[in-house]
Amino acid sequence: MTKFRPCIDIHDGKVKQIVGSSLADSGKGLLTNFESDQSPAWFASLYKKDDLKGGHVIMLGQGNEIAAKEALAAYPGGLQIGGGISLANAKSFLEAGASHVIVTSWIFQNDELDLDRIRALSKLVGKNHLVIDLSCKRNNGQWNVATNRWQTITSTVISKETLNMLSAFCDEFLIHAADVEGKQQGMDEELITFLGTHSPIPVTYAGGARDVKDLDLCKKLSNGKVDLTIGSALDIFGGKGAKYFDCIEYNKKQK
């Protein structure tokens, strides 16, 4: 059944909501919707208090490891973590309290999916502790996975075959629709429908949600098989479209 999943996006050590398509290595042109005075650990403690499980902590760039691990320590076993995850550091984040590690760019080499890397990481942390991030951009009528802060369009297409193949190595998928991420202009409804129809394992969608009603829409489009993250529209992130309290109440009703 569709649930609200929370998030903690960390940039320069602070919790922010950023327009996804504006992310760049140079830092120039970055569009920030919100920057919080509260720490990542504060948000993690809030989610723990409200029994919100399976949210994702995303480290947007370098220098966010300390803040991220403080958040994990505040809610052991309740949060997933992604952003720069590799074979070298994955176990350290699980030891720090993450329930899952989320991987994207590291499993791609020369913009091609590297199954050897996926197998190695899945074996190291265990299938039940791995989330594969297939965040994507529309490209010639299909969805191509985007890596390196969504700047690089890879050759990997989100298809039924791709989802089935990768599901053998991970517990869940996380998919941001990068074209609409942070814009609060509506979700990629076609993508949600596709994921609800074809994903054989749990999947969380993020991107473009505007209010709590989008939880019902996501539920309808995916037949209850896709969870939804609401970011920039949420009042705890400075948004006006969705109230955090209402999202909690929505989850309670699903139970």
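Placed above this text is the structure.
Residues numbered from 1 in each chain as written. Predicted model: local features only at pLDDT ≥ 70, side-chain atom pairs only at ≥ 80, totals over all residues. Heavy atoms only, no water.

1. Side note on the overall build of the protein chain
Point 1. The helix and strand tally for the protein chain stands at eight helices and 16 strands.
Point 2. Seen through its principal axes, the protein chain has C-alpha atoms that stretch 40 × 40 × 40 Å.
Point 3. For the protein chain, with 255 residues in total, the buried portion stands at 55%.
Point 4. In the protein chain, once contacts between residues fewer than 6 apart in sequence are set aside, the share between residues at least 24 apart is 65%.
Point 5. Of the roughly 11100 Å² that the protein chain leaves accessible, carbon and sulfur atoms contribute 47%.
Point 6. Between the centroid of the 29 positive side chains of the protein chain and the centroid of its 30 negative side chains there is a distance of 4 Å. (Helix = DSSP H or I, 4+ residues; strand = E, 2+ residues; numbered from the N terminus. Buried < 20%, exposed > 50% of the residue type's maximum accessible area, 1.4 Å probe, protein only. Contact = heavy atoms within 4.5 Å. Areas by Shrake-Rupley, 256 points an atom, 1.4 Å probe, with all protein chains shown as cover. Lys, Arg positive; Asp, Glu negative; His and termini not counted. Charge placed at Lys NZ, Arg CZ, Asp CG, Glu CD.)

2. Re the sheet that holds strand 13 (residues 152–157)
Point 1. In spatial order, the strands read 11-12-13; together these three strands make up an open sheet with antiparallel pairing. Two strands lie at the open edges of the sheet, namely strand 11 (136–139) and strand 13, each paired on one side alone. Neighbour-to-neighbour, the strand axes of this sheet turn through a mean angle of 45°, independent of strand direction. (Pairing = 2+ DSSP bridges. Axes fitted to C-alpha atoms, helices over the stretch in contact; angles between N-to-C directions.)

3. Some details on the packing of aromatic side chains
Point 1. Summed over the entire model, instances satisfying the criterion amount to four aromatic pairs.
Point 2. Consider the rings of tryptophan 42 and phenylalanine 43, whose centres lie 4.9 Å apart with planes at 85°: the pair is edge-to-face.
Point 3. Summarising the aromatic geometry, the rings of tryptophan 143 and phenylalanine 194 are spaced 5.5 Å apart at their centres and angled 50° between planes, so their arrangement reads as tilted. Placement of tryptophan 143 in strand 12 (residues 142–147) and of phenylalanine 194 in helix 6 (residues 189–198) is noted, with a sequence separation of 51 residues between them. Of the two residues examined, tryptophan 143 and phenylalanine 194, each falls in the buried class.
Point 4. Among the aromatic residues, those joined into a ring-pair cluster are Trp42, Phe43 and Phe237.
Point 5. A cation over a ring is seen here: lysine 69 above phenylalanine 93, with NZ or CZ 5.0 Å from the ring centre. (Phe/Tyr/Trp six-rings, centres within 6.5 Å; stacked < 30°, edge-to-face > 60°. Lys NZ or Arg CZ within 6 Å of the ring centre and 35° of its normal.)

4. A short note on helix 1 (residues 40–49)
Point 1. Residues Pro40, Ala41, Phe43, Ala44, Leu46 and Tyr47 constitute the buried set of helix 1.
Point 2. Packed against the buried residues of helix 1 are strand 2 (7–11), strand 3 (14–18), helix 2 (65–74), strand 6 (79–82) and helix 8 (244–254).
Point 3. One or two positions beyond helix 1, positive phi appears at aspartate 51, with a value near 55°.

5. Focus on the pattern of salt bridges
Point 1. Across all of its chains, the model carries eleven salt bridges by this definition.
Point 2. Between aspartate 12 and lysine 16 there is a salt bridge, with its nearest N and O atoms 4.0 Å apart.
Point 3. A relative accessible area of 55% places aspartate 12 in the exposed class.
Point 4. The salt bridge partner of aspartate 51 is lysine 53, with a shortest N-O separation of 2.4 Å.
Point 5. Connected through salt bridges with shared partners, the residues Lys3, Arg5, Glu172 and Asp227 form a single ionic network. (Salt bridge = Lys/Arg side-chain N within 4 Å of Asp/Glu carboxyl O.)

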